[in-house]
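Analysis of the macromolecular model
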Amino acid sequence: MIKTALLSKWHVHAQEYAEEAIQNEHITLTHVWDEQKERGKAWAEELGLTFEEEIDNIFSNPEIDAVIVASPTSMHTEIINKAARNGKHIFTEKVLAETEVDAAAILQEVEKHGVKLMISLPRLSADYYLYAQQVVDNGLLGRLTTIRCRLSHNGSVPTKQHPDGWLPKHFYDKELCGGGAFIDLGAHPIYLTNRLGGKAKAVTARFNQTYGHEVDDNAVVIVEYQSGALGILETGFVSTGSPFQLEVYGTEGTLMIEDGAIRIKSINLEDGWHSPSAAELPTNAPSAMSQWVSEIKTGEKADITHHDAYLLTLINDVARRSNEEGRRIENKYT
């Protein structure tokens, strides 16, 4: 069994990770730590686990094999580096870190100490993404020209039930989060377009603060790829009823994904639009946590990679700078 500690309930997905860990036959949850003591104590009591007030005691405990990190983004670098140095395997909420420099440093520590690191990028396991990658790899769209990915919700929109929106207030704390909608919800369009588009050449970003928060709640980013294709990444906390959309355009065809609806048109197929049957769609890949467990137990390389985690942080970092400086920024990294 992989004896695992939960590090913080700060992120909205923390409870989901705890539940998935409980359901995994190879994981045993043992401890909880939280930067907010009372929240951590309550969570530990709810789950029947031991609350540890000092995080360093988690790292020094030889009985603990791994940690699940759902802390504020601003704490990721310190927590993950300490976990790696103490030989703990790490599962973490996105993003890996606030800056490219910190992400690179984390990955160096992970490699140096031989621990297994997994970042939660769930849509890379979804059948629709796997189908899109298959379509691109098989050349059905020809040369890619544009990838548009949109993921938005209404978490910041005031309602009678939630006058300040339904997102927790700490999601608007720039010091804790490192940003707003783009660094959090925008992570999904980033890693999906990274996979489909290839190496990024330049980034241009525009962030808005619709409701006056200190972080963005609406964002559009243009990524120029070395292949010549353009990526259009859209996200926000201020759109009601906005579907998830992934559109891939090429010289020989178009792929349109909107929530559960998938259709493709290509000169390499019969005329007209086609919707793949369930049998034609790839099977969902194992979840990020399942891949993490498999890598710990067998050494089998996960489909979600350290490079995915690095590039996610990289695009976030460059987009932030582009918005702050009001200019297009060329990517000097790979």
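An account of the accompanying structure is given in this report.

What counts as what
Residues numbered from 1 in each chain as written. Predicted model: local features only at pLDDT ≥ 70, side-chain atom pairs only at ≥ 80, totals over all residues. Heavy atoms only, no water. Salt bridge = Lys/Arg side-chain N within 4 Å of Asp/Glu carboxyl O. Helix = DSSP H or I, 4+ residues; strand = E, 2+ residues; numbered from the N terminus. Pairing = 2+ DSSP bridges. Contact = heavy atoms within 4.5 Å. Axes fitted to C-alpha atoms, helices over the stretch in contact; angles between N-to-C directions.

A full pass over the atoms with the stated rule returns 20 salt bridges. A salt bridge links Glu53 to Lys37, with the nearest nitrogen and oxygen atoms 3.4 Å apart. In this pair, Glu53 sits in the loop between β3 (50-51) and α3 (55-60) while Lys37 sits in helix α2 (residues 37-47), placing the two residues 16 residues apart along the sequence. The closest approach of N and O atoms between Arg85 and Glu109, which form a salt bridge, is 3.2 Å. Of the two residues, Arg85 is situated in helix α4 (residues 76-85) and Glu109 in helix α5 (residues 100-113); the sequence distance between them amounts to 24 residues. Members of the salt-bridge network, linked through shared partners, are Arg148, Arg150, Glu234 and Glu247.

This part takes up the sheet that holds strand β4 (residues 66-69). An order of β3-β2-β1-β4-β5-β6 is seen for the six strands of this open sheet, with the pairing classed as parallel. Each edge of the sheet is formed by a strand with only one pairing partner; in this case those strands are β3 and β6 (117-119). Alignment of strand β5 (residues 89-92) against β6, held across three bridges, turns out to be parallel. Each bridged residue has a counterpart across the sheet, and for Thr92 the counterpart in β6 is Ile119. Across the face of the sheet, helix α10 (residues 288-298) comes into contact with β1 (2-7), β2 (27-33), β4, β5 and β6 while running at roughly 170° to β5.

Further remarks concern the sheet that holds strand β7 (residues 144-152). A sheet is described by the order of its strands in space; here eight strands give the open sequence β13-β12-β11-β7-β10-β9-β8-β14, paired in mixed fashion. The two strands at the open ends of the sheet, each matched to only one other strand, are β13 (261-266) and β14 (329-330). Here strand β9 (residues 218-225) runs beside strand β10 (residues 230-236); their pairing, made up of seven bridges, is antiparallel. Looking across to β10, one finds that Glu224 is bridged to Leu230. Packed on one face of the sheet, helix α11 (residues 306-325) meets β8 (200-208), β9 and β14 and runs near 55° to β8.

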